[in-house]
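Working through the structure, step by step
As a plain string of letters, each chain reads:
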Amino acid sequence: MTTETPRGRRKAVIWISVIAAVVVLGVIGAIVATNVYTSNENAKASAAPSVAASREASTLDDSDLSGAWTVGGDSEAGYRLHEVLNGSDVTVTGRTDSVSGSATVDGTSITKATITVQVADIATDSDQRDSYFRDSAMDTAAFPEATFELSEPIADAVPSGSDTTTVTAAGKLTLHGVTKDVTADLQVGLNGDGVDISGSIPVTFSDYGVQAPSLGFVKVDDSGTVEFLVHATPAS
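Let me begin by describing the structure that accompanies this report. (Residues numbered from 1 in each chain as written. Predicted model: local features only at pLDDT ≥ 70, side-chain atom pairs only at ≥ 80, totals over all residues. Heavy atoms only, no water.)

Some details on the nonpolar core
This is how it is decided: To define a nonpolar core, start from buried Ala, Val, Leu, Ile, Met, Phe, Trp, Tyr and Cys residues and group those joined through side-chain atoms within 4.5 Å. Partly exposed describes any residue whose relative accessible area lies between the buried limit of under 20% and the exposed limit of over 50%, with all areas from a 1.4 Å probe on protein chains only and scaled to the type maximum. Secondary structure elements are defined from DSSP: runs of H or I of at least 4 residues count as helices, runs of E of at least 2 residues count as strands, and each element is numbered from the N terminus. The contact rule is simple, with two residues in contact once any of their heavy atoms fall within 4.5 Å.
Among the nonpolar cores identified, the biggest contains 51 residues, and Trp69, Ile110, Leu186 and Ile201 are the most heavily contacted of them. The element that contributes the greatest number of residues to this core is strand β10 (residues 218-234), accounting for six residues. Among all residues touching Ile201, those that are not within four sequence positions of it are Phe148, Leu173, Val182, Thr183, Ala184, Gly224, Thr225, Val226 and Phe228.

What follows is the structure, encoded as structure tokens:
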């Protein structure tokens, strides 16, 4: 029978203390790293698109409004979603300027509008996240575009001068090959040579056959927001 000496017991206590300290430091390090990551990611999240963010004096008058309009340059679209990383809340936004479309205006009413977004071009600050978004979540090889089409006219949508209107638009959103009736809250205002329209559409990803990832340490909500700011000019 072996009797443990006082010196041996002291060594055992020291090693247990060292191991406990390493574990504690590891936990603290993981918490600090998570907090730093979430703070950085939240700081990188883009602000919600807004017509009021940057506007120039309009070069159009009321007689220029009626007719066909083209959506193109200075437009952007993307998404905003919420994820939980190791218990911490993170807001993620993706954006692209690969946006096109057309609209028809009658007086101050928007009677038709279609917006198309190249989904594969939507990007965040993470290549790994973007690769998952393109290949696994959205399958952009099969469904490269997302579209919003106005379902009914929006009366008195286009303001004059420097005014901004807030309106609600009923439309159809096609995402991941699935089309759903949606409602978009819009801001509309004249800007330089055209009109800016910003808005957001709440979406539930599973409604469009999109599976939100849940990897244990990170879980993405099943709901998010499609966001956009489009600049339309009179078609030549």
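Read on, since the account is not over.
Side note on empty space enclosed by the protein
For clarity, the cut-off: Site definitions follow a grid-based scheme: protein atoms alone, a 1 Å grid, a 1.4 Å probe that fits but cannot get out for cavities, and for pockets an open set with protein on both sides within 12 Å along at least five of seven lines, plus lining residues having an atom within 4 Å of a point. Grid points are joined across faces, edges and corners, and a volume is the space filled by probe spheres set on the points. Three categories are distinguished: nonpolar for Ala, Val, Leu, Ile, Met, Phe, Trp, Tyr, Cys and Pro, charged for Asp, Glu, Lys and Arg, and polar for the others, with Gly belonging to the last.
According to the stated counting rule, one finds one cavity of 30 Å³ or more in the structure shown. By volume, the largest cavity is sized at about 210 Å³. For the largest cavity, the lining is made up of 18 residues, of which Ile110, Ala113, Ile115, Ile197 and Val230 are closest to its centre. Here the lining of the largest cavity is built from residues that sort into 18 nonpolar, no polar and no charged.

What about helix α2 (residues 127-137)?
Where we set the bar: The arc in question is the one traced by the directions running from the helix axis out to the C-beta atoms.
Considered for burial, the residues of α2 that qualify are Arg129, Asp130, Phe133 and Ala137. Projected down its long axis, α2 carries its buried residues within an arc of 105 degrees, all on one side. Opposite the packed face of α2, turned more than 90 degrees from it, sit the exposed residues Asp127, Gln128 and Asp135. Backbone geometry just after α2 places Asp139 at a positive phi near 45 degrees.

Here we look at the side chain of Thr165
As a reminder, the rule being used: N or O atoms within 3.5 Å of each other form a polar contact, as long as, within protein, one can give a hydrogen and the other can take it, and as long as residues adjacent in sequence are counted only when both atoms are side-chain atoms.
Relative to the helices and strands, Thr165 is located in strand β7 (residues 164-175). Residue classification places Thr165 among the buried positions, given a relative accessible area of 18%. From its side chain, Thr165 meets the backbone oxygen of Ala157 in a polar contact 2.6 Å long. When sequence neighbours within four positions are dropped, the list of residues in contact with Thr165 reads Asp156, Ala157, Pro159, Leu186, Gln187 and Val188.

Section: the environment of Ser63
In this fold, Ser63 is placed in the loop between α1 (6-44) and β1 (67-71). Each C-alpha atom, one on Ser63 and one on Gly107, is 8.1 Å from the other, the two residues being 44 residues apart in sequence.

Quick look at the pattern of salt bridges
Definition in use: Counted as salt bridges are all cases of a side-chain nitrogen of Lys or Arg within 4 Å of a carboxyl oxygen of Asp or Glu.
Under the definition given, this model contains six salt bridges. Here Arg129 and Glu83 are joined by a salt bridge, their closest N and O atoms 4.0 Å apart. Note that Arg129 is positioned in helix α2 and Glu83 in strand β2 (residues 76-85), a separation of 46 residues in sequence. The pair Arg129 / Glu83 is uniform in exposure class, with both members buried. Two residues, Arg95 and Glu227, come together in a salt bridge whose shortest N-O distance is 2.5 Å. Linking Arg95 in strand β3 (residues 88-96) with Glu227 in strand β10, this pair joins segments that are 132 residues apart in sequence. For Arg95, a relative accessible area of 14% gives the class buried. Here the residues in one salt-bridge network are Glu76, Arg80, Arg95 and Glu227, joined through shared partners.

Brief notes about unusual backbone geometry
The backbone phi angle of Asp156 is positive, close to 50 degrees, even though this residue is not glycine. Relative to the assigned elements, Asp156 resides in the loop between β6 (145-150) and β7. With phi around 60 degrees, His176 is a residue other than glycine that occupies positive phi space. One can find His176 in the loop between β7 and β8 (178-191). The class of His176 is buried, set by a relative accessible area of 15%.

Here we look at the pairing of β6
Walk down a regular strand and you will see the side chains alternate between the two sheet faces. Spelled out, the test is: The pairing criterion for strands is at least two bridges between them, as found by DSSP.
Alternating positions in β6 separate cleanly, Ala146, Phe148 and Leu150 being buried on one face and Glu145, Thr147 and Glu149 remaining unburied on the opposite face. For strand β5 (residues 109-118) and β6, the ladder comprises five bridges, and the chain directions are antiparallel. When the sheet's bridge partners are listed, Thr114 is paired in β6 with Glu149. Here four bridges tie β6 to β7, and the two strands are oriented antiparallel to one another. Across the sheet, residue Thr147 finds its bridge partner in β7, namely Thr174.

Honestly, it's all geometry; don't read function into it.
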